[in-house]
Every structure is written in structure tokens, then in C-alpha cells.
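Chain residues, written in single-letter form:
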Amino acid sequence: MDTPTNKPLILFDIDETLINTDQLRILQRKTLADTLQKSDEDIANCFIEYYGDLEKTSDFDPDEFLAFASEKFGFPLEKLKDAFFQPTNFQMVLYPEVVETLANLRNKGYTLGIYSQGIRYSQEYKILVNNLMDFFDQQHRYVLKRKMDPAVIADLPENTIIIDDKAEVIEFLERFPNVIPLHIVRGEQNHVGEYTLSTLRDLFPILDTLRNAVDSEQ
Ligand SMILES: [Mg+2]
């Protein structure tokens, strides 16, 4: 019987790892267009104007954007907030295997966490509205404006597994001996590497391989 203390910490990126963020943007723009009675193009242009002032797209702050849109269209802020945060849009874009995978991992005794870039309340909303928050250990919910921060990674326990869709994040993480980065490339038919996932289900055979490697070292 495995003891939980042997199990590595597993951290999950949020956007394009747990939820289909491209699809979420499409749904949100449609809801905003319907609410404002504006064209898709009007809404797209409003986003472009707001994004123009940001250094990175992950600096997107819904409160700021919605205040900007409210002013631009002369429309009540609260109604725009309801449209932007419409729960069904966030729930429809959760990747289908996420709940079963997280539940399975937790049942096996793994400690799970988040490793996300962006504005905390906005990123946590994506987790909360999908009822996933309880899966993630309170000590390991990292939401940072710039997550490629060596100080954050250096403090993680030995053999922490981090799953992320961005190649630049994976390359950054590969520099640290205490973490095992796993690249998720959804929809890819041919895997790029041994530690590449096309869905989160691919995590299980990799965890077995890693455990065998650790066992044979002991
Ligand atoms: Mg991502």
C-alpha cells in the first residue's frame, strides 16, 4: 500500500490545461454582444482597445475591462459583470476529463495545486464556478502575475510535477532539478516527447513510469 507522503505534489496550469480558454473567450464575447445589443466586431474591437494597454494578455483584469466597456458603451457595469461571469460559459469549457482525473489523483493520495498566471480572483473564479477548489491544497494555489519566477519554483518540494500547455513555461521549468514539467498539447496526434500529454488522462502512465524510476533509485 502506498503512503501519501511518497506521492509528489502535482500542480496544474489553468488556461488551456483545465479549461478551453479560447472557447471561453468566444462564448463571453457572444454573451457580451447579446447583452449590449452590439455586433461581434464591436465587442472584439473593445477587447483590442483594452488589450492595447497591457504588457501581457495574462494581465487581463475583468474589473478594469468591464469598467472600460461600461464607459465606452454607456451601459450599466453590473449587467456587464453578469454577462462576463455567466457561469454556464465557464462550465461549458471545462475539459471533459478534468473532474475524473482530479478525483482519481486525490483518491490515490496525491496533493494537488494550481500554478497559474494572471489576476487571482479572475483565475480562481474559473476553478470555483466549476466546483474544483476543494481538489487543490490551500498551501499550493499559486496564481502569479508573472509565474516564471525562480523564487517560487525553488521553494517547491522535490519531484513536484507541473502540467502546462505553454512551451516557454516548460522550458523555464526544465532548469530546476526539483520539478518535473509535463507539457500538455491538446489535440496533437503524435506526441512530441515522453512527457507530453494530449489529455490529462495521459498523466497516469507517466506517474507509473516516474514511480518506477524513483523506486529503482532507492
Ligand atoms: Mg496555460
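Since this is a predicted model, take the numbers as computed values, not measurements.

Participant: I keep staring at the overall build of the protein chain and nothing clicks. Help me out?
Facilitator: Counting its secondary structure elements, the protein chain contains 10 helices and six strands. Here the protein chain has a C-alpha radius of gyration of 19 Å; the compact-globule value for 218 residues is 17 Å, and the two agree. Over its C-alpha atoms, taken along the principal directions, the protein chain stretches across nearly 65 × 35 × 30 Å. Sorting the 218 residues of the protein chain into buried and exposed places 25% on the buried side. Restricting the contact set of the protein chain to residue pairs at least 6 apart, pairs at least 24 apart contribute 60%.

Participant: What exactly am I supposed to notice about the sheet that holds strand β3 (residues 141-144) here?
Facilitator: Paired through backbone hydrogen bonds, the strands of a sheet run either parallel or antiparallel to each other. One open sheet accounts for six strands, arranged β3-β2-β1-β4-β5-β6; its pairing is parallel. Looking along the sheet, the strands with just one partner apiece sit at the ends: β3 and β6 (196-197). Pairing between strand β5 (residues 179-184) and β6: two bridges, direction parallel. Bridge assignment links I184 to a residue of β6, and that residue is L197.

Participant: What should I look at first to understand the environment of Q123 in this one?
Facilitator: Locating Q123 in the fold gives a position in helix α7 (residues 120-128). Since 20 C-beta atoms lie within 10 Å of it, Q123 is described here as buried. Those residues in contact with Q123 that sit more than four places away from it in its chain are I14, S116, G118 and V143.

Participant: What exactly am I supposed to notice about the environment of P150 here?
Facilitator: With respect to the helices, strands and loops of the structure, P150 is situated in helix α8 (residues 150-154). Linking P150 and E41, residues 109 residues apart in sequence, is a C-alpha distance of 40 Å.

Participant: Looking at this structure, how should I read unusual backbone geometry?
Facilitator: With the exception of glycine, most residues fall at negative phi, and the peptide bonds are largely trans. One non-glycine residue with positive phi stands out, namely Q37, at about 55°. Along the chain, the position of Q37 falls in the loop between α1 (21-36) and α2 (40-51). Exposure remark for Q37: the 9 C-beta atoms within 10 Å place this residue in the exposed category. Notably, N131 is not glycine yet its phi reads approximately 60°, a positive angle. With respect to the element layout, N131 can be found in the loop between α7 and β3. Given 11 C-beta atoms within a 10 Å radius, N131 is considered exposed.

Quick notes on the rules
- Residues numbered from 1 in each chain as written.
- Predicted model: local features only at pLDDT ≥ 70, side-chain atom pairs only at ≥ 80, totals over all residues.
- Helix = DSSP H or I, 4+ residues; strand = E, 2+ residues; numbered from the N terminus.
- Rg over C-alpha atoms; globule rule 2.2 N^0.38 Å.
- Buried ≥ 20, exposed ≤ 12 C-beta atoms within 10 Å, placed from the backbone.
- Contact = placed C-beta atoms within 7 Å.
- Pairing = 2+ DSSP bridges.

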